[in-house]
Amino acid sequence: MTSIDLNADLGEGFGRWRLTDDEDLLTVVTSANVACGFHAGDPVTMRRVCEPAAERGVVIGAQVSYRDLAGFGRRSMDVPSDELAAEVAYQIGALAVFARAAGTRVACVKPHGALYNRVVRDEAQAAAVVDGVLLAGGAPPVLGLPGSRLLESAGRAGLPVVPEAFADRAYTDAGTLVPRGRQGAVISDPDAVVQRSVGLAVSGTVTARSGARVEVRARSLCVHGDTPGAVELARRVRRRLEASGVRVEAFA
């Protein structure tokens, strides 16, 4: 039977502000990428996500980012490799405290936003992220775009890699994500998102922005937690996947 992990980016609030419906999304997804304070998140929020995630058996991942709280981590930055490695390790370590207190652990690492897109092609930045993961200790799986420099670097370092796909993002013919600043970069039609989810899980393909069919072999599928109606959309995606014979389960 085909299986896929369903992940969401959670804990993307700060102080009194909450962007994601963490509590309800944790009843749907099988893994949660928790913001670690650099693009969103704070100690209370991290703890608030880790505890129910552990209770429900949802895998906890560290969502690491450039230090860009004002820009939600979506502004590209030129950070020296040693500095970026240290900041990645710092973020993982911060989340690890709350995961451990909840009786679990940080079981994967995923870059966020501009950093996620940068390490698709930038070998030096990708290597720095991997160095940060290693510096934090252990050998957690690394999530990233199939064929990215990040997954190549992680694989060379002996870390497990998890190719990831996005049902609500437009793809180029090269299998990369259309930048968010361009029209049509985000798929807003819920029916289209559900249909694309099944296609990605069952056939490993998606329709690119040009109309071409593109191969995207993924082990994890992301449903964005900051999308309007994210909880109901995630439920629809999971129901359709299971109805199509796909087993929804965590990879770690």
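This text goes with the structure placed above it.
Attention here is on the structure that accompanies the text. (Residues numbered from 1 in each chain as written. Predicted model: local features only at pLDDT ≥ 70, side-chain atom pairs only at ≥ 80, totals over all residues. Heavy atoms only, no water.)

## A few points about the layout of surface pockets
Working step 1: As a volume, the largest pocket reaches approximately 460 Å³.
Working step 2: Taken together, 25 residues line the largest pocket, and the ones lying closest to its centre are Gly113, Ala114, Asn117, Arg169 and Leu177.
Working step 3: Listing elements by their share of the lining of the largest pocket, those giving two or more residues are strand E4 (106–111) and helix H4 (113–121).
Working step 4: For the lining of the largest pocket, the residue count by class is nine nonpolar, eight polar and eight charged. (1 Å grid on protein atoms, 1.4 Å probe; cavity = no way out; pocket = protein on both sides within 12 Å on 5 of 7 lines; lining within 4 Å. Points joined across faces, edges and corners; volume = space filled by probe spheres on them. Helix = DSSP H or I, 4+ residues; strand = E, 2+ residues; numbered from the N terminus. Nonpolar A, V, L, I, M, F, W, Y, C, P; charged D, E, K, R; others polar.)

## With respect to helix H7 (residues 190–202)
Working step 1: In a regular helix each residue adds 1.5 Å, so 13 residues correspond to 18 Å; H7 covers 18 Å between its end C-alpha atoms and thus fits that length.
Working step 2: Listed in full, the buried residues belonging to H7 are Val193, Val194, Arg196, Ser197, Val198, Gly199, Leu200 and Ala201.
Working step 3: Packing partners of the buried residues in H7 comprise strand E1 (3–10), strand E6 (161–166), strand E7 (205–207), strand E9 (220–222) and helix H8 (230–243).
Working step 4: In this structure Asp189 caps H7, since a side-chain oxygen of it lies 3.1 Å from the backbone nitrogen of Asp191.
Working step 5: Backbone geometry just downstream of H7 places Gly204 in the positive-phi region, at approximately 70°. (Expected span 1.5 Å × (residues − 1). Buried < 20%, exposed > 50% of the residue type's maximum accessible area, 1.4 Å probe, protein only. Contact = heavy atoms within 4.5 Å. Polar contact = N/O pair within 3.5 Å; in protein donor to acceptor, adjacent residues only side chain to side chain.)

## Description of empty space enclosed by the protein
Working step 1: As enumerated under the stated definition, the model contains one cavity of 30 Å³ or more in all.
Working step 2: As a volume, the largest cavity reaches approximately 40 Å³.
Working step 3: Every residue along the wall of the largest cavity is listed here: Asp168, Val193, Cys222, Val223, His224, Thr227, Ala230 and Leu233.

## What about the packing of aromatic side chains?
Working step 1: Applying the stated criterion across every chain, the model contains two aromatic pairs.
Working step 2: Summarising the aromatic geometry, the rings of Tyr116 and Phe166 are spaced 5.5 Å apart at their centres and angled 85° between planes, so their arrangement reads as edge-to-face. Residue Tyr116 is found in helix H4, and its partner Phe166 is found in strand E6; the two are separated by 50 residues along the sequence. Phe166 shares its class with Tyr116; the two are buried.
Working step 3: The ring centre of Trp17 lies 4.8 Å from the NZ or CZ of Arg16, which sits over that ring. (Phe/Tyr/Trp six-rings, centres within 6.5 Å; stacked < 30°, edge-to-face > 60°. Lys NZ or Arg CZ within 6 Å of the ring centre and 35° of its normal.)

## Focus on helix H6 (residues 149–156)
Working step 1: Turning to H6, its buried residues number three or more, namely Leu150, Leu151, Ser153 and Ala154. All buried residues of H6 project into a common sector of 160° when viewed along the axis, lining one side.
Working step 2: Buried positions along H6 lie against E4, H4, helix H5 (123–136), strand E5 (142–144) and E6. (Arc of directions from axis to C-beta.)

## Points about the pattern of salt bridges
Working step 1: Taken as a whole, this structure holds 16 salt bridges when the rule is applied.
Working step 2: Salt-bridge contacts for Arg236 lead to Asp191; the nearest nitrogen and oxygen are separated by 2.6 Å. Note that Arg236 is positioned in helix H8 and Asp191 in helix H7, a separation of 45 residues in sequence.
Working step 3: Among the ionic contacts, a cluster of salt bridges with common partners joins Asp9, Lys110 and Glu164. (Salt bridge = Lys/Arg side-chain N within 4 Å of Asp/Glu carboxyl O.)

## Observations concerning the nonpolar core
Working step 1: The biggest cluster of nonpolar side chains holds 68 residues, and the ones touching the most others in it are Leu84, Ile92, Leu95, Leu221, Val237 and Leu241.
Working step 2: If sequence neighbours within four positions are ignored, Leu221 has contacts with Ile4, Asp5, Leu6, Asn7, Ala165, Phe166, Ala167, Ser197, Leu200, Val237 and Leu241.
Working step 3: With six residues, the next largest nonpolar core counts Ala107, Cys108, Leu143 and Phe251 among its residues. (Core = buried A, V, L, I, M, F, W, Y, C linked by side-chain atoms within 4.5 Å.)

## Side note on the packing of helix H3 (residues 81–101) against H5
Working step 1: In the contact formed by H3 and H5, the axes pass within 7 Å of each other and the chain directions differ by 40°. With respect to each other, H3 and H5 are oriented oblique. Seen from above, H3 lies across H5 with right-handed handedness. Note on element contacts: H5 touches H3 through Ala124, Gln125, Ala128, Val129, Asp131, Gly132, Val133, Leu135 and Ala136, opposite Ser81, Leu84, Ala85, Ala86, Val88, Ala89 and Ile92.
Working step 2: Classifying every residue of the contact of H3 with H5 by side-chain character gives twelve nonpolar, three polar and one charged. (Axes fitted to C-alpha atoms, helices over the stretch in contact; angles between N-to-C directions. Parallel < 35°, antiparallel > 145°, perpendicular 65-115°, else oblique. Left-handed = near helix turned anticlockwise from the far one by under 90°.)

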